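Breakdown of the fold
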Amino acid sequence: MPSKQVTNNDNALYTTSNGAPVARPYAAEKIGVHGPLLLQDFHHIDLLAHFNRERIPERVVHAKGAGAHGYFELTHDITDLTSASLFKKIGNRARTTIRFSTVGGESGSADTARDPRGFAIKIRTDDGNLDWVFNNTPVFFLRDPAKFPHFIHTQKRDPQTHLKDADMTWDYFSQNPESIHQILILYSDRGTPDGYHNMHGYSGHTFKFVRDDGEWVYVQVHLRADGGFKTLDSATAGRLAGENPDYGIQKLFEAIENKQYPSWTVYVQTMTPEQAEQFRYNDFPLRPVGKIVLDENPQNYFAEIEQAAFSPSHIVPGIEPSADPVLQSRLFSYPDTHRHRLGVNYQQLPVNAPVVPVANFQRDGAGTFVSQGARPNYQSTISSLTYRSKPYADTEHKHELWAGHARAHLHEITELDFEQPRNLYTKVLSQSDREHLINNIAEALGAVKSTEIKARQLAIFAAVDQGLSDAIAKAIGVPTVQPLVVASADEAVPLKTNVGQTTVKVA
Ligand code: HEM
């Protein structure tokens, strides 16, 4: 681990970047005492030139965050579900790094902002790195991935004013009613967790857990914080945003320093492909798998957390992506942005490098640390220094037969989109949760200038529950509106694998 590279007591001499000792770190070479500087002073030039290149692009989303190291430990047998090596033997442990984040703000923004939280996990298995790039909410804003950059733009700054803009945000939400379930979670107090580590994590998407014989199931992964999901009310979150914008980073760091190690129990929810065929909402129980504990703070934030590169496409044999279009688009997006943010050899950075040897035909490029030595850079028949291939299991995945014409398809909104939000509002939330939700929404929607946007969004709330919509209308002082009219649920195109329509309990 990178944290072991430098110790506090290694007797290091102060040096230039080529390791040459320098006696006086603050002294620049000049002609005389006041004279001009000398170009020959490599120490000085080295220092300035490196300083000028310290910044790398921040993440385009999830720029603000905190992270730590620890381990995953398998506590239950799930070999009936997957042949992944991580899950072979109870007691198996793997080094793990987690980075938590907010989504919309820049790297200096407040930790207590109302936003979903990222929950990105890198588990270093003996079959390569498994990244679980999760959020703290079980659903998502959209199911057509082409909407993602538009949506994110509306959460960020206006191109002209360079301000966050409530009209922009709610213009998007009110035009894209499939976001309603996520909005109700976001504007409940779940939208302002108490620190980064006091919250649950959810895969959102389904993945496939696959056995060597080709049998597979859809899986959602849930991480439940052993200390419970703690939240802040809007007033406290707002106050902390001003008084201590780094509240979440600080709480995580101090918890680990004080040996109050944050931990989560890992569960899976499984659904067979046959069950998916009839899927509406079944109650799929949570099955325990293991635990994750964070017990080590990074020694160096930049090296070990900022440079960490998580991707849903960093998976291992025994786990596969489902056909969820949003997941499929993410499989491309993350490594692409990593190459931009960290360079083509981002997987060689110590925090990202797998603990197993990497043997392939990728060579060279900027920042190559591991050249793979003399191993041939093509499939050689003459070199003894080649690689072994994993035995190939020639199995077909039943229920995975895709055929059709290429088409640009946009999923339409139906009554199905409102069933789970309605259940959340009327059955899951307590009376006080509902009051907070209404106040939190009123604070945000009340800041919108456009009466059209407000009315359009109120119609979406009314399609969830007329009482909810009317209470918000009253709180922001506008007329009540009729529910948005949508097609019946029977016309919904089933999206068995999609984050927008998963069966999850938010409690
Ligand atoms: C079309 C949908 C999505 C796209 C295109 C997308 C794209 C991105 C991109 C480009 C980043 C920056 C990564 C980096 O710089 O390393 C990111 C970060 C992240 N995304 Fe997404 N995202 C999408 C949806 C989601 C969903 C549904 C989840 C969770 C279920 C999620 C969780 C995260 C997390 C946790 C991070 C931060 C990773 C870190 O801490 O380094 N994203 N996303």
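Values in this document were obtained by computation on a predicted structure and should not be read as measured data.

A full pass over the atoms with the stated rule returns 20 aromatic pairs. Where Phe72 meets Phe87, the ring centres are 6.0 Å apart and the plane angle is 75°; that geometry is what we call edge-to-face. Here Phe72 is found in strand β1 (residues 65–74), whereas its partner Phe87 is found in the loop between β1 and β2 (93–101), with 15 residues between them in sequence. For Phe87, a relative accessible area of 1% gives the class buried. It is Lys122 that lies over the ring of Phe310; its NZ or CZ is 5.3 Å from the centre.

Further remarks concern the site of the ligand. Near the ligand you find 25 residues, and of these Arg59, Arg99, Arg330, Tyr334 and Arg341 are the closest. A distance of 2.7 Å separates an oxygen atom of the ligand from a polar side-chain atom of Arg59. In this structure, His338 approaches the ligand through a side-chain N or O atom, which is 3.1 Å from an oxygen atom. Structurally, the ligand is housed in the second largest pocket. For the shell around the ligand, the secondary structure elements donating two or more residues are β3 (118–125), β4 (128–135) and α9 (325–342). For the shell around the ligand, the element with the highest residue contribution is α9, accounting for 8 residues. Residues belonging to the shell around the ligand are distributed by class as follows: 12 nonpolar, 9 polar and 4 charged.

Right, let's talk about the UniProt feature "binding site: heme" (unreviewed entry) in the chain for a bit. Taking the UniProt record as the reference, the feature "binding site: heme" (unreviewed entry) is found at Tyr334. When you line up the elements, Tyr334 lands in helix α9. Judged by relative accessible area, Tyr334 falls into the partly exposed class, the value being 23%. Not counting chain neighbours up to four residues away, the residues in contact with Tyr334 comprise Val133, Phe310, Ser311 and Pro312.

Along the chain, Arg59 turns up in the loop between α1 (42–51) and β1. When its relative accessible area of 9% is taken as the criterion, Arg59 is described as buried. For Arg59, the side chain forms a polar contact with the main-chain oxygen of Glu306, separated by 3.3 Å. The contacts of Arg59, once residues within four sequence positions are left out, are Arg99, Ile305, Glu306, Ala308 and Arg341.

Scanning the model with the defined rule gives 19 salt bridges in all. The salt bridge involving Arg55 is made with Glu54; its shortest N-O contact spans 4.0 Å. For Arg55, a relative accessible area of 71% corresponds to the exposed category. Judged by its relative accessible area of 35%, Glu54 falls in the partly exposed class.

Our next topic: the domain arrangement of the chain. Its domain assignment divides the chain into domain 1 (1–54), domain 2 (65–136 + 193–348) and domain 3 (146–154 + 163–191 + 418–485). The C-alpha-based centres of domain 1 and domain 2 are spaced at 39 Å.

Of the volumes computed, that of the largest pocket is approximately 1,500 Å³. If you trace the largest pocket, you find 38 residues lining it, with Pro354, Pro357, Val358, Ala359 and Asn360 closest to the centre. Those elements that place two or more of their residues in the lining of the largest pocket are β4 and α9. When grouped by side-chain class, the residues that make up the lining of the largest pocket number 16 nonpolar, 13 polar and 9 charged. Within this model, the second largest pocket holds a volume of roughly 890 Å³. If you go around the second largest pocket, you meet 42 residues; those closest to its centre are Val61, His62, Phe148, Arg330 and Tyr334. For the lining of the second largest pocket, the secondary-structure elements that each account for two or more residues are β2, β3, β4, α2 (148–155) and α9. In terms of residues, the lining of the second largest pocket owes the most to one element, α9, which gives 9 residues. Taken together, the residues that form the lining of the second largest pocket break down as 24 nonpolar, 13 polar and 5 charged. When residues are assigned to domains, the lining of the second largest pocket turns out to be shared by domain 2 (65–136 + 193–348) and domain 3 (146–154 + 163–191 + 418–485), each giving three or more.

What follows deals with the confidence of the model for the chain. This prediction gives the chain a mean pLDDT of 93; 93% of its residues lie at or above 70. Contacts for the low-pLDDT stretch residues 498–507, under 50 throughout, to residues beyond four places or in other chains number 44 contacts.

Across the 9 residues of β2, 7 count as buried, placing the element largely inside the fold. Pairing of β1 with β2 involves 9 bridges; the strand directions are antiparallel. The residue bridging His69 from the neighbouring strand is Thr97, located in β2. Pairing between β2 and β3: 6 bridges, direction antiparallel. Bridge pairing in β3 links Thr96 to Ile123.

Our focus in this paragraph is the UniProt feature "active site" (unreviewed entry) in the chain. Here the UniProt-annotated "active site" (unreviewed entry) positions come out as His62 and Asn135. In sequence the annotated residues extend across 74 residues, while in space they remain close, none of their C-alpha pairs exceeding 10.6 Å. As for the lining of the second largest pocket, the annotated residues named previously contribute His62 and Asn135. With respect to the helices and strands, His62 occurs in the loop between α1 and β1. By relative accessible area, which is 18% here, His62 ends up buried. The residues contacting His62, other than those within four sequence positions of it, are Arg99, Ser101, Thr102, Val103, Gly118 and Asn135. Residue placement: Asn135 occurs in strand β4.

What counts, and where the lines are drawn
Residues numbered from 1 in each chain as written. Predicted model: local features only at pLDDT ≥ 70, side-chain atom pairs only at ≥ 80, totals over all residues. Heavy atoms only, no water. Phe/Tyr/Trp six-rings, centres within 6.5 Å; stacked < 30°, edge-to-face > 60°. Helix = DSSP H or I, 4+ residues; strand = E, 2+ residues; numbered from the N terminus. Buried < 20%, exposed > 50% of the residue type's maximum accessible area, 1.4 Å probe, protein only. Lys NZ or Arg CZ within 6 Å of the ring centre and 35° of its normal. Near = heavy atom within 4 Å. Polar contact = N/O pair within 3.5 Å; in protein donor to acceptor, adjacent residues only side chain to side chain. 1 Å grid on protein atoms, 1.4 Å probe; cavity = no way out; pocket = protein on both sides within 12 Å on 5 of 7 lines; lining within 4 Å. Sits in = over half its atoms within 2 Å of the grid points. Nonpolar A, V, L, I, M, F, W, Y, C, P; charged D, E, K, R; others polar. UniProt positions renumbered as here; feature names shortened; annotations may be inferred. Contact = heavy atoms within 4.5 Å. Salt bridge = Lys/Arg side-chain N within 4 Å of Asp/Glu carboxyl O. Domains from an automatic or database assignment. Points joined across faces, edges and corners; volume = space filled by probe spheres on them. pLDDT = per-residue confidence, 0-100. Pairing = 2+ DSSP bridges.

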